[in-house]
Amino acid sequence: MRTRIKELRAKYNLTQEDLARKCGVRRETIVFLEKGKYNPSLQLAHDVAKALKSKIEEIFLFDD
Amino acid sequence: MKKDLIRLIAIGIVSLIVIATGALWAVSAYMKGDMAGAIGGGAIAAIILVFAIFTFIKGNRDLKEGFPLKDERSRKVIEKASSKAFYVSLYLLLALGFLSDGMIQFRDVSQATGIAVGGMAIIWAVLWAYYNNKEI
């Protein structure tokens, strides 16, 4: 799994800490999400998408 | 946030109880002239003290900065580490049972229990560190 979190964070001028606070998770979780090393729950994927004003499928990319 | 603060205080209280027990064990073993017990108890108390201080400082800083103590990823890491540690611990206990049957001589039941409990704690810590750095 790849993600566009880093790119979208930069677009909206958000730090990892800002995004973590908006999603109610720890900083480490955002770090692992960005690296594609954590498969989030649907709720967290929704929260991240909402914070980054995007759709879930625009952020989390799966190589089929 | 209030729930997290209560959790942090609970971690502190449990850590203090464990440290006090380890220290009491070390002192009573020393008074009986059992140096191995004194070192073991003292080492457990010291290790728990270092982890407790680290956990308390980090947890307090996170709470002040508005981050939760636990989230879905940290819970998943604990769940995975705990379930695997359970199975590995069964093998450890089996191995200790096998070894104690003539291969090694434990001084008494408390020494065997201490090694088993210490081994289980180490297994859990190693598995937690593994899953905390692995893709989950």
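Residues numbered from 1 in each chain as written. Chains lettered and ligands numbered in written order. Predicted model: local features only at pLDDT ≥ 70, side-chain atom pairs only at ≥ 80, totals over all residues. Heavy atoms only, no water.

## Observations concerning the overall build of chain B
To keep it simple, the criterion reads: A run of H or I in DSSP counts as a helix once it spans at least four residues, and a run of E counts as a strand once it spans at least two, with each numbered from the N terminus. The buried label applies to any residue whose accessible area, calculated with a 1.4 Å probe on protein chains only, is under 20% of its type's maximum; exposed applies above 50%, and partly exposed to all values in between.
Along the backbone of chain B there are 4 helices and 0 strands. Each helix and strand of chain B, placed in order from N terminus to C terminus, yields the pattern α-α-α-α. Structurally, chain B occupies a C-alpha span of about 55 × 35 × 20 Å along its principal axes. Going through the 136 residues of chain B one by one, you find that 24% of them count as buried.

## Quick notes on the interface of chain B and chain A
To be explicit about the condition: Contacts are assigned to residue pairs that have any heavy atoms within 4.5 Å of one another. By convention, the term buried area covers the 1.4 Å-probe accessible surface removed from two parts as they join, with the contributions of both added. Put simply, a salt bridge is a Lys or Arg side-chain nitrogen that is within 4 Å of an Asp or Glu carboxyl oxygen. Polar contact criterion, stated in full: a pair of N or O atoms within 3.5 Å, where within protein one must be able to donate a hydrogen and the other to accept it, and residues adjacent in sequence count only if both atoms are side-chain atoms. Here the term charged refers only to Asp, Glu, Lys and Arg, the term nonpolar to Ala, Val, Leu, Ile, Met, Phe, Trp, Tyr, Cys and Pro, and the term polar to all other amino acids, Gly among them.
In this complex, chain B contributes 19 residues to the contact, which on the side of chain A involves 17 residues. Summed over both partners, the interface of chain B with chain A buries about 1,500 Å², with 42% contributed by carbon and sulfur atoms. Of all residues in chain B, B:Phe67, B:Glu72 and B:Arg73 bury the most surface against chain A, accounting for 39% of the area lost on that side. If you look at where chain B meets chain A, you find 4 salt bridges. Remark: the boundary between chain B and chain A carries 14 residue pairs in polar contact (both at pLDDT 80 or more). Residue assignment for the side of chain B that touches chain A shows that the elements contributing at least two residues are α2 (35-64) and α3 (72-100) of chain B. Residue contributions to the side of chain B that touches chain A peak at 4 residues, all from α3(B). Among the residues forming the side of chain B that touches chain A, the class breakdown is 4 nonpolar, 4 polar and 11 charged.

## Some thoughts on the packing of α3(B) against helix α4 (residues 109-132) of chain B
Residue and element names in this part refer to chain B. So the rule is basically this: Between N-to-C directions, angles span 0 to 180 degrees; the directions come from axes that are lines fitted to C-alpha atoms, helices contributing only their stretch in contact. By the definition used in this description, the sense in which the near helix is turned from the far one sets the handedness, with an anticlockwise turn below a right angle giving left-handed and a clockwise turn giving right-handed.
In the contact formed by α3 and α4, the axes pass within 8 Å of each other and the chain directions differ by 145°. Between α3 and α4 lies a crossing whose hand is right-handed. Classifying every residue of the contact of α3 with α4 by side-chain character gives 17 nonpolar, 4 polar and 3 charged.

Note that every value here comes from positions in space, so none of it alone points to a role or purpose.
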